[in-house]
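Chain and residue survey
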Amino acid sequence: MRRRTFLAAALAGTGAALTGGCAPSGPGVTRDTVRVGMLHSLSGTMAISEVTVRDAVLLAVERVNAAGGVLGRRIEPVVEDGASDEVTFADKARKLLMSDRVAAVFGGWTSASRKAMLPVFEAEDGLLFYPVQYEGMESSPNIVYTGATTNQQIVPALDHLRGQGHTRIHLVGSDYVFPRTANRVISAYAEAHGIEITGTDYTPLGHTEYTTVTAKIARARPDAVFNTLNGDSNVAFFKQLRSSGITADDMPVLSVSVAEEEVGGIGPEILDGHLVAWNYFQTTDTPENRDFVAAFQDEYGPRRVTSDPMQSAYNAVHLWAAAAEAAGGFDTGAVREAAAGLTIDAPEGPVTFDAESQHLAKTARIGRIGGDGAITEVANSGGPITPDPYLAGYDWAAPIRP
């Protein structure tokens, strides 16, 4: 049975009612506070993307606290820097769970960081809320995946390109687990649907020299590029692609890790006409999004933008808080059980926690970047897509499933 909560509004009043008689339980909990961890790259190549996610988590914490906290307790964030390094992420996760005794952790971006943290959370029975789209082929009882899995982003993106008549696609990605796994999915899809992959190029995270890659793309003459670069490499890639004379009119690039924050860093005039695949844009037309954007800009300034990963991180705090309220405590197993079937009317639209996969049902959206920096939705899935991280419902994916 689906239960529904309206983010912070659902928490108003419940905390006060439970304050007096609820004894402290679980890690990092006193009668007045509950500690949570925030673990994002505040330095290094991924800071361009992750600092704003940290800001969204802080906003969510502030709004939940203003509504009465969780079970009458004020959330006390413990902020750590993953420094764009997966070993650091694992070390900081261990500190948050074992030394700070936090009730939950919100953080991570790259799949390398998530996979480094996963055994830590499983060993300590902690709970990580991971906010970013990723490559799928994973499900852990100690991770709540609030970003998209493969059938909610990459597959709809490929469907869109194919529907637009693109049959020759070049793949460009950072050299780590997400792009490599994503490109295995893309290649399997392409083989099943008569799409030619004209080439595949990987570069290290933080790479800034793309003249060789853009020259290869120009020689291969694809009719679209599927981009899985992450971090500030996108700045160099798009600027050098544009310098080579290639525009979106010639060859659209569809990106799955470029959102509003990155658009500002790259330059909207350079990205004009290129495509992105997400589940949320700042322009998404819901009452909850209008409230979210207004609250974020009131807190951080009118020039700040919102994006899919930060919105997913914002949702994660509210999902955890609502589940803890329903559980009557902060124990990992109790919170996970209470979250089953929980639906949130989020800025992106309704999302529902699927307990079997530990993912959310989400609506897929394709957007076009404008010269003003805004992303305009050009297609969507018509409603939330049930998460299928192992692509069990797609026959063409059988050879790549673990």
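Computed from a prediction, not measured in an experiment: that's the story for all the values here.

We now examine the environment of arginine 74. Looking at where arginine 74 falls in the secondary structure, it is placed in strand 3 (residues 74-81). Sequence spacing of arginine 74 and threonine 33 is 41 residues, and the spatial spacing of their C-alpha atoms is 4.6 Å. The contacts of arginine 74, once residues within four sequence positions are left out, are Asp32, Thr33, Val34 and Asn65.

Okay, the pairing of strand 13 (residues 349-354) next. In terms of strand pairing, strand 12 (residues 342-346) meets strand 13 through four bridges, oriented antiparallel. Residue pairing in the sheet places threonine 343 in a bridge with threonine 352 of strand 13. In sequence, strand 12 turns back onto strand 13 through a hairpin of two residues. In terms of strand pairing, strand 13 meets strand 14 (residues 359-361) through three bridges, oriented antiparallel. Each bridged residue has a counterpart across the sheet, and for aspartate 354 the counterpart in strand 14 is histidine 359. The turn linking strand 13 back onto strand 14 is made up of four residues, and glutamine 358 within it adopts a positive phi angle of 70°.

Here the focus is the sheet that holds strand 16 (residues 375-380). The strand order 8-7-9-10-11-15-16 describes an open sheet built from seven strands, whose pairing is mixed. Two strands close off the open sheet at either side, each with one partner strand: strand 8 (196-203) and strand 16. Averaged over neighbouring strand pairs, the angle between their axes works out to 25° when direction is ignored. Contacts from helix 6 (residues 154-163) reach strand 7 (168-174), strand 9 (224-228), strand 10 (253-255), strand 11 (275-278), strand 15 (365-369) and strand 16, with the element oriented near 170° to strand 9. Seen against the sheet, helix 8 (residues 211-220) touches strand 7, strand 8 and strand 9 and runs at an angle of roughly 170° to strand 7.

Conventions used here
Residues numbered from 1 in each chain as written. Predicted model: local features only at pLDDT ≥ 70, side-chain atom pairs only at ≥ 80, totals over all residues. Heavy atoms only, no water. Helix = DSSP H or I, 4+ residues; strand = E, 2+ residues; numbered from the N terminus. Contact = heavy atoms within 4.5 Å. Pairing = 2+ DSSP bridges. Axes fitted to C-alpha atoms, helices over the stretch in contact; angles between N-to-C directions.

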